[in-house]
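# Residue-level structure breakdown
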Amino acid sequence: MTLDYDAELMLRVKEGDGASFGALLQKHRTSVIHFLYRMVQNHAVAEELAQEVFLRVYRSRASYEPSAKFTTWLFRIATHLALNALRDNKNERLQDRLDDESPDMPVKQVSDKQPTVEEKMVYHARLEEVRRAVATLPEKQRAAVLMHKYEEMEYSQIAKVLNCSESAIKSLLFRAYETLRARLAHMA
């Protein structure tokens, strides 16, 4: 089996190479935070969970075996922590908005054609509506949609992360996209 570069780095971490762990952290920190943020809808919680993800990666270095892609393993840890955080905070509604601006989150880009103020407002309202619709999906469906659309993961990777079959992922995504289509039909 040919190892991906991340798995090679993790094997170096297993051998005690701290710089390789730094490289993995640098490479994946932002995408893990973004994923967690979309899951828990709170930037502070996402940051905290991301720290826990990488702490668990580091603690697991001695037992690490590259049986799956490194990112699959990484997002399995992140998903597990996010789902636990959501379950733990069921009664506590997280108030931070999905589009909260902060130093670690991407800055919104404006296209070259300079949309009008009205076009910008409509765009942001639609974007917020889509984000709210995704946020209301059941946790596993939301995780699958975020990995599929935002992280561009393949069905097989998502299946490994969520610990189910590829056909279960296809069914999960189908139900999620059907729900989103129904909720957002007025935008078509």
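Anything mentioned here points back to the structure above.
What you see is a predicted model, and the numbers here were worked out from it, not measured in a lab.

Reading guide: rules and limits
Residues numbered from 1 in each chain as written. Predicted model: local features only at pLDDT ≥ 70, side-chain atom pairs only at ≥ 80, totals over all residues. Heavy atoms only, no water. Axes fitted to C-alpha atoms, helices over the stretch in contact; angles between N-to-C directions. Helix = DSSP H or I, 4+ residues; strand = E, 2+ residues; numbered from the N terminus. Left-handed = near helix turned anticlockwise from the far one by under 90°. Contact = heavy atoms within 4.5 Å. Nonpolar A, V, L, I, M, F, W, Y, C, P; charged D, E, K, R; others polar. Core = buried A, V, L, I, M, F, W, Y, C linked by side-chain atoms within 4.5 Å. Buried < 20%, exposed > 50% of the residue type's maximum accessible area, 1.4 Å probe, protein only. Salt bridge = Lys/Arg side-chain N within 4 Å of Asp/Glu carboxyl O. Bend = angle between axes of the 7 residues up to and from the residue. Polar contact = N/O pair within 3.5 Å; in protein donor to acceptor, adjacent residues only side chain to side chain.

Before going further, it helps to examine the packing of helix H2 (residues 18-40) against helix H4 (residues 70-88). Close contact between H2 and H4 brings their axes to 10 Å; oriented N to C, the two are set at 35°. As for how H2 packs across H4, the hand of that crossing is right-handed. Residue-level inspection shows Leu24, His28, Ser31, Val32, Phe35, Leu36, Met39 and Val40 of H2 in contact with H4, the latter providing Phe70, Thr71, Leu74, Phe75, Ala78, Thr79, Ala82, Leu83, Ala85 and Leu86. In terms of residue class, the contact of H2 with H4 is made up of 14 nonpolar, four polar and no charged.

Turning to the nonpolar core, a few remarks are in order. Leu36, Met39, Met147 and Leu162 are the most contacted members of the largest nonpolar core, which totals 52 residues. Among the secondary structure elements, those contributing two or more residues to this core are helix H1 (5-14), H2, helix H3 (43-59), H4, helix H5 (117-135), helix H6 (139-150), helix H7 (155-162) and helix H8 (166-183). Tallying contributions element by element places H4 first for this core, with 11 residues. Discounting chain neighbours no more than four positions away, the residues touching methionine 147 are Phe35, Phe75, Thr79, Glu152, Met153, Ile158, Val161 and Leu162.

Turning our attention to the pattern of salt bridges. Here the structure, examined in full by the defined rule, presents seven salt bridges. Between glutamate 47 and arginine 29 there is a salt bridge, with its nearest N and O atoms 3.0 Å apart. Of this pair, glutamate 47 sits in helix H3 while arginine 29 sits in helix H2, placing them 18 residues apart in sequence. We classify glutamate 47 as buried; its relative accessible area is 16%. Across the salt bridge formed by glutamate 178 and arginine 181, the nearest N and O atoms sit 2.4 Å from each other. Placement of both glutamate 178 and arginine 181 in helix H8 is noted, with a separation of three residues, approximately one turn of the helix.

Turning our eyes to something else, we now look at H2. Along H2, the sharpest change in direction is near 45° and occurs at histidine 28. You can read the cap of H2 off the contacts: a side-chain oxygen lies 3.1 Å from the backbone nitrogen of alanine 19, and it is on aspartate 17. The positive-phi residue at the C-terminal boundary of H2 is glutamine 41, with phi of around 60°.

Time to look at the packing of H4 against H6. Axis separation between H4 and H6 bottoms out at 11 Å; the angle between their running directions is 145°. In the packing of H4 onto H6, the handedness of the crossing is right-handed. On the side of H4, the interface is formed by Phe75, Thr79, Leu83, Leu86 and Arg87, while H6 contributes Glu139, Lys140, Arg142, Ala143 and Met147. Broken down by class, the residue content of the contact of H4 with H6 amounts to five nonpolar, one polar and four charged.

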